[in-house]
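# Chain and residue survey
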Amino acid sequence: MSLALAALLLAADPAPTAAAPPVAATVDGEPIRLAEVDEAIRREVRPAGTFTTDQARRLRRDVLDDLIDDRLMARFLWANAPAVEPAELDRHLGALDAALRRQGRSLEQYYRETGRTPEQVRERWADLLRYQKYIDGRATEEELRKYHRLNRDVFDGTTVELHQIVARVGADAPDGARAAARRKLAGVKADIAAGRLD
């Protein structure tokens, strides 16, 4: 076989390439690889003991759901939250470094303990700062008070279930009392439907 023919055959039949790592999900065209899900399980869950096949499948699904939520939230914040300046991020990471040093630890130890690279930690902190800026811009005192007023039962632990409202009218009530009671009940019904009653 001539050298030219061998070169032609090699060019026509390239060596097989490694298979792409399996993709668990795709968010806006960006893949979340199965290896990323498994790494998150090792890093975040740190399971003690073994799992049944069904438990492991559920755990993977739950962690994947969390990763999808994180990606969607990060995209939302990139589009809707104020930018985080590099100097601001550096200040926060410097504060983390100082806090770790007071505990006799270093950022390198923190990276190893959390299973994250410096870039991943920086990205995660930037996401958290964007989230805080987004909340600070919307959770004004007035908005919080309004939310509390509209959802008071959630905050004070009170719940009321109403099955029936009765307006009792005695047998010896004067004429028109039944009609007045009906009007009153219709008014209460209208107020409940309109959300005017707490």
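Structural data are supplied above this passage.
Here we summarise the structure given alongside this text.

Looking only at helices and strands, one finds nine helices and two strands in the protein chain. Its helices and strands in sequence order give the protein chain the pattern α-β-β-α-α-α-α-α-α-α-α, from N to C terminus. Counting contacts in the protein chain only where the partners sit at least 6 residues apart, residues at least 24 apart contribute 57% of the total. Of the roughly 15,500 Å² of accessible surface on the protein chain, 55% is carried by carbon and sulfur atoms.

This part takes up helix α3 (residues 53-80). Given a rise of 1.5 Å per residue, 28 residues ought to cover 40 Å, and the 40 Å separating the end C-alpha atoms of α3 matches this to within 8%. Buried residues of α3: Leu-59, Val-63, Leu-64, Leu-67, Arg-71, Ala-74 and Leu-77, and no others.

Here the largest pocket defines a volume of roughly 680 Å³. Every residue lining the largest pocket is counted, 21 residues in all, and those nearest its centre are Glu-36, Leu-67, Asp-70, Arg-71 and Glu-123. Secondary structure elements with two or more residues in the lining of the largest pocket: α2 (34-45), α3 and α6 (118-138). Considering every element that reaches the lining of the largest pocket, the biggest residue donor is α3, with eight residues.

What follows covers the environment of Arg-33. Here Arg-33 lies in strand β2 (residues 30-33). Distance from Arg-33 to Pro-21, taken between C-alpha atoms, is 6.7 Å for residues twelve residues apart in sequence. Apart from residues no more than four positions distant in its own chain, Arg-33 is found in contact with Pro-21, Pro-22, Val-23 and Ala-24.

So, about a nonpolar patch on the surface. Taken together, Met-73, Phe-76, Tyr-131 and Ile-135 make up a surface patch of nonpolar side chains, about 330 Å² in accessible area. Position of Phe-76 among the secondary structure elements: in helix α3. Accessibility expressed as a relative area gives 34% for Phe-76, which makes it partly exposed.

The next subject is the environment of Leu-77. Residue placement: Leu-77 occurs in helix α3. If we ignore the near neighbours within four places in the chain, the residues touching Leu-77 are Asp-127, Arg-130, Tyr-131 and Tyr-134.

As a further point, take the pattern of salt bridges. All told, the structure shown has 15 salt bridges when counted by the stated rule. Taking the shortest distance from any N to any O, the salt bridge between Asp-54 and Arg-57 comes out at 3.6 Å. In this pair, Asp-54 and Arg-57 both sit in helix α3, three residues apart, roughly one turn of the helix. Salt-bridge contacts for Glu-88 lead to Lys-133; the nearest nitrogen and oxygen are separated by 3.2 Å. One end of the pair, Glu-88, is in helix α4 (residues 86-102); the other, Lys-133, is in helix α6, and 45 residues separate them in sequence.

With 21 residues, α6 extends 31 Å from end C-alpha to end C-alpha; this agrees with the ideal 30 Å at 1.5 Å per step. Of the residues making up α6, those classed as buried are Val-121, Ala-126, Asp-127, Leu-129, Arg-130 and Tyr-134. Next to the buried residues of α6 lie α3, α4 and α5 (107-114).

The rules behind each value
- Residues numbered from 1 in each chain as written.
- Predicted model: local features only at pLDDT ≥ 70, side-chain atom pairs only at ≥ 80, totals over all residues.
- Heavy atoms only, no water.
- Helix = DSSP H or I, 4+ residues; strand = E, 2+ residues; numbered from the N terminus.
- Contact = heavy atoms within 4.5 Å.
- Areas by Shrake-Rupley, 256 points an atom, 1.4 Å probe, with all protein chains shown as cover.
- Expected span 1.5 Å × (residues − 1).
- Buried < 20%, exposed > 50% of the residue type's maximum accessible area, 1.4 Å probe, protein only.
- 1 Å grid on protein atoms, 1.4 Å probe; cavity = no way out; pocket = protein on both sides within 12 Å on 5 of 7 lines; lining within 4 Å.
- Points joined across faces, edges and corners; volume = space filled by probe spheres on them.
- Patch = residues over 30% accessible without salt bridge, like charges linked within 9 Å, V, L, I, M, F, W, Y side chains within 5 Å.
- Salt bridge = Lys/Arg side-chain N within 4 Å of Asp/Glu carboxyl O.

Spatial relationships are all this shows, so hold off on functional conclusions.
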